[in-house]
Amino acid sequence: MAQTAYDTDNIFAKILRGEIPSHRVYEDEAVVAFMDVMPQGPGHTLVVPKSPSRNLLDADPSTFGPLFTVVQKVARAVKQGFGADGVTIMQFNEPASGQTVYHLHVHVIPRFDGTPLKPHTGGMEKPEVLAQNAEKIRAALQS
Ligand code: AMP
């Protein structure tokens, strides 16, 4: 079945263009990382390539090297910054999988022994908490 076209007005495209605010923790020429506003746990970060695609299915394969290099950097930083026991990496493709924003992104979530994930797209986190968590990740990325 043919895929729906990429929508240049999706919320992550607007964040990438700076039209909507975000708590950015990392940026290079190909990739941006910022805090998820409805985190499934403290430190839940989204890693987003700048090149447009709905998801993994229509992405140019050249996207994945730079993207997963940053996924690894951010995974190490959230593990260190939050003293986590592990890190969950998730990525959804099309509505049937749970995707809700149609610009390719990878979820990076610090995990703690015995603590389950909160629901996907559950409650909004307070901006001040997101700002504090972003600072922890930035500090860990620089160490
Ligand atoms: P997915 O369901 O994989 O498409 O995930 C989209 C994620 O984006 C969800 O975890 C949402 O909580 C998150 N999200 C939605 N709007 C924003 C936003 N403005 N800034 C940061 N994260 C967002």
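What you see is a predicted model; the values in this text were computed from it and never measured.

Asks: Is there a simple way to explain the nonpolar core in this structure?
Replies: One broad rule of soluble globular proteins: the nonpolar side chains tend to lie buried together. Among the nonpolar cores identified, the biggest contains 22 residues, and Val25, Val47, Val74, Val108 and Ile137 are the most heavily contacted of them. Every element with two or more residues in this core is listed here: β1 (24–27), β2 (31–35), α2 (64–82), β5 (106–111) and α3 (127–142). No other element matches α2, which puts 8 residues into this core. The contacts of Val25, once residues within four sequence positions are left out, are Ala33, Phe34, Met35, Thr45, Ala134, Ile137, Arg138 and Leu141. Membership of the second largest hydrophobic core comes to 7 residues, among which are Phe12, Val32, Phe34 and Leu46.

Asks: Could you clarify how one ought to interpret α3 in this entry?
Replies: In an α-helix, one full turn covers 3.6 residues, which means residues spaced three or four apart are oriented alike. Here α3 contains 16 residues, and its C-alpha end-to-end distance of 22 Å stays within 8% of the 22 Å for a straight helix at 1.5 Å per residue. Within α3, the full set of buried residues consists of Leu130, Asn133, Ala134, Ile137 and Ala140. The buried side chains of α3 occupy one side of the element, clustering within an arc of 125 degrees when seen end-on. Summarising the geometry of α3, the exposed residues directed more than 90 degrees from the buried face are Gln132 and Gln142. Elements in contact with the buried residues of α3: β1, β2, β3 (45–49) and α2.

Asks: Help me understand the packing of aromatic side chains in this model?
Replies: Where two aromatic rings form a pair, the distance of their centres and the angle of their planes describe that pair. Evaluated as defined, the whole model comprises 1 aromatic pair. Ring centres 5.4 Å apart and planes at 80 degrees place the aromatic pair Phe12 and Phe34 in the edge-to-face group. One end of the pair, Phe12, is in helix α1 (residues 11–16); the other, Phe34, is in strand β2, with 22 residues separating them in the sequence. Classification of Phe12 as buried rests on a relative accessible area of 7%. When its relative accessible area of 2% is taken as the criterion, Phe34 is described as buried.

Asks: Can you help me understand unusual backbone geometry in this one?
Replies: When glycine is set aside, most residues are seen to have a negative phi, and most peptide bonds are trans. Its identity is not glycine, yet Glu94 carries a phi of approximately 75 degrees, on the positive side. Summarising the element assignment, Glu94 is placed in the loop between β4 (86–90) and β5.

Asks: Please explain the UniProt feature "domain: HIT" (unreviewed entry) in the protein as it appears in this structure.
Replies: Sites flagged by UniProt as "domain: HIT" (unreviewed entry) map to residues 11–118. What you have in residues 11–118 is 23% helix and 23% strand, and the ends, taken at the C-alpha atoms, are 22 Å apart.

Asks: Any chance you could explain the site of the ligand here in plain terms?
Replies: Neighbouring residues of the ligand: 18 residues in total, closest Asp36, Thr100, His105, His107 and His120. In the model, an oxygen atom of the ligand is placed 3.0 Å from a nitrogen or oxygen of the Gly98 main chain. Here Val101 contributes a backbone N or O atom positioned 2.9 Å from an oxygen atom of the ligand. Burial of the ligand by the protein amounts to 93% of the accessible area it has alone, namely 510 Å². With respect to the pocket detection grid, the ligand is positioned in the largest pocket.

Asks: For this particular structure, what's the right way to read the sheet that holds β5?
Replies: The strands making up a sheet associate through hydrogen bonds between their backbones, and the pairing can be parallel or antiparallel. Read from one edge to the other, the open sheet built from 5 strands follows the order β1-β2-β3-β5-β4, with strand pairing classed as antiparallel. Looking at which strands have only one partner, the edges of the open sheet turn out to be β1 and β4. Direction aside, neighbouring strands of the sheet carry axes that sit 20 degrees apart on average. Pairing analysis gives 3 bridges linking β3 to β5, with the strands arranged antiparallel. Among the inter-strand pairings, Val47 is bridged to a residue of β5, identified as Val106. Its contacts with the sheet put α2 on β1, β2, β3, β4 and β5, and the angle it makes with β5 is roughly 20 degrees. Where α3 meets the sheet, its contacts fall on β1, β2 and β3, and the angle it forms with β1 comes to roughly 35 degrees.

Rules behind the numbers
Residues numbered from 1 in each chain as written. Predicted model: local features only at pLDDT ≥ 70, side-chain atom pairs only at ≥ 80, totals over all residues. Heavy atoms only, no water. Core = buried A, V, L, I, M, F, W, Y, C linked by side-chain atoms within 4.5 Å. Buried < 20%, exposed > 50% of the residue type's maximum accessible area, 1.4 Å probe, protein only. Helix = DSSP H or I, 4+ residues; strand = E, 2+ residues; numbered from the N terminus. Contact = heavy atoms within 4.5 Å. Expected span 1.5 Å × (residues − 1). Arc of directions from axis to C-beta. Phe/Tyr/Trp six-rings, centres within 6.5 Å; stacked < 30°, edge-to-face > 60°. UniProt positions renumbered as here; feature names shortened; annotations may be inferred. Near = heavy atom within 4 Å. Polar contact = N/O pair within 3.5 Å; in protein donor to acceptor, adjacent residues only side chain to side chain. Areas by Shrake-Rupley, 256 points an atom, 1.4 Å probe, with all protein chains shown as cover. 1 Å grid on protein atoms, 1.4 Å probe; cavity = no way out; pocket = protein on both sides within 12 Å on 5 of 7 lines; lining within 4 Å. Sits in = over half its atoms within 2 Å of the grid points. Pairing = 2+ DSSP bridges. Axes fitted to C-alpha atoms, helices over the stretch in contact; angles between N-to-C directions.

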